[in-house]
Amino acid sequence: MSIPVMRSFRLYRPKPPSRFVTDYSDAEKADFKARYQKVGKTYRIVGKIVLGAFALSFMSILCIAFRLSSPVLHWTAGLGMVLFFTFFFALNAGPCPACSQLVDSEVGLYCPECGGKMGKDRRCLSCGKTLWGGETRNYRIKYCTSCGVHLDDKGI
Ligand SMILES: [Zn+2]
Ligand SMILES: [Zn+2]
């Protein structure tokens, strides 16, 4: 199966998947997972840098606020902010290797944490968790929410 190529800069929104997790063979599923490993790993590393940069900036500003002022703190506060924004925008979960929908798109048919079917009100029918999307999502993505394929063991 080939992955459609993004041809322009218009909003990247491929049509809904035509095949789902149950339509693939074990070999195909293993291949999708293997292909996603590098993306998942990079995402976790970049995510840690974003958190670290945020903490650095936050602590520096806190020290300045408590008048522990030293010129170094202004530098670390600024550096933390620059790193935070740079790596925040570099956080990219990429497209699903099976259905090519964006992996961190809105919660769809499948639960990104356990791969079960999603019910009403963003509640998973298998694990019972209610999922909140957006930048502060309350779940890790282990399965593609659009087609249900297992992408990553640790989750991103
Ligand atoms: Zn679930
Ligand atoms: Zn998918």
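Residues numbered from 1 in each chain as written. Chains lettered and ligands numbered in written order. Predicted model: local features only at pLDDT ≥ 70, side-chain atom pairs only at ≥ 80, totals over all residues.

> Please explain the nonpolar core as it appears in this structure.
One broad trend across soluble globular proteins is that nonpolar side chains are buried collectively. In terms of nonpolar packing, the biggest core is built from 18 residues, with Cys96, Ala98, Tyr143, Cys144, Cys147, Val149 and Leu151 touching the most fellow members. If sequence neighbours within four positions are ignored, cysteine 96 has contacts with Gln101, Val103, Cys144, Ser146, Cys147, Val149 and Leu151. (Core = buried A, V, L, I, M, F, W, Y, C linked by C-beta atoms within 7 Å. Buried ≥ 20, exposed ≤ 12 C-beta atoms within 10 Å, placed from the backbone. Contact = placed C-beta atoms within 7 Å.)

> Would you mind showing me how to read unusual backbone geometry here?
With the exception of glycine, most residues fall at negative phi, and the peptide bonds are largely trans. In the Ramachandran plot, serine 100 falls in the positive-phi region, its phi being about 65 degrees despite a non-glycine side chain. By secondary structure assignment, the location of serine 100 is in the segment after α2 (71–90). The buried category is assigned to serine 100, around which 22 C-beta atoms lie within 10 Å. (Helix = DSSP H or I, 4+ residues; strand = E, 2+ residues; numbered from the N terminus.)

> Please explain the packing of helix α1 (residues 26–65) against α2 as it appears in this structure.
In a packed pair of helices, the relevant descriptors are the angle between the two axes and the axis-to-axis distance. At a closest axis distance of 8 Å, the pairing of α1 and α2 adopts a crossing angle of 155 degrees. On the basis of the axis angle, α1 is roughly antiparallel to α2. Judged by the sense of rotation from one axis to the other, the crossing of α1 with α2 is left-handed. When α1 is examined against α2, the residues Val46, Ile49, Val50, Ala53, Phe54, Leu56, Ser57, Ser60, Ile61, Cys63 and Ile64 are found in contact with a partner set consisting of Leu73, Thr76, Ala77, Gly80, Met81, Leu83, Phe84, Phe87, Phe88 and Ala90. The class makeup of the residues in the contact of α1 with α2 is 17 nonpolar, 4 polar and no charged. (Axes fitted to C-alpha atoms, helices over the stretch in contact; angles between N-to-C directions. Parallel < 35°, antiparallel > 145°, perpendicular 65-115°, else oblique. Left-handed = near helix turned anticlockwise from the far one by under 90°. Nonpolar A, V, L, I, M, F, W, Y, C, P; charged D, E, K, R; others polar.)

> What exactly am I supposed to notice about α1 here?
With 40 residues, α1 should reach 58 Å at 1.5 Å per residue; the first-to-last C-alpha distance of 56 Å fits that figure. The sharpest bend along α1 measures roughly 35 degrees and falls at glutamine 37. Phe32, Tyr36, Gly40, Tyr43, Ala53 and Ser60 are the residues of α1 that are buried. Against α2 lie the buried residues of α1. (Expected span 1.5 Å × (residues − 1). Bend = angle between axes of the 7 residues up to and from the residue.)

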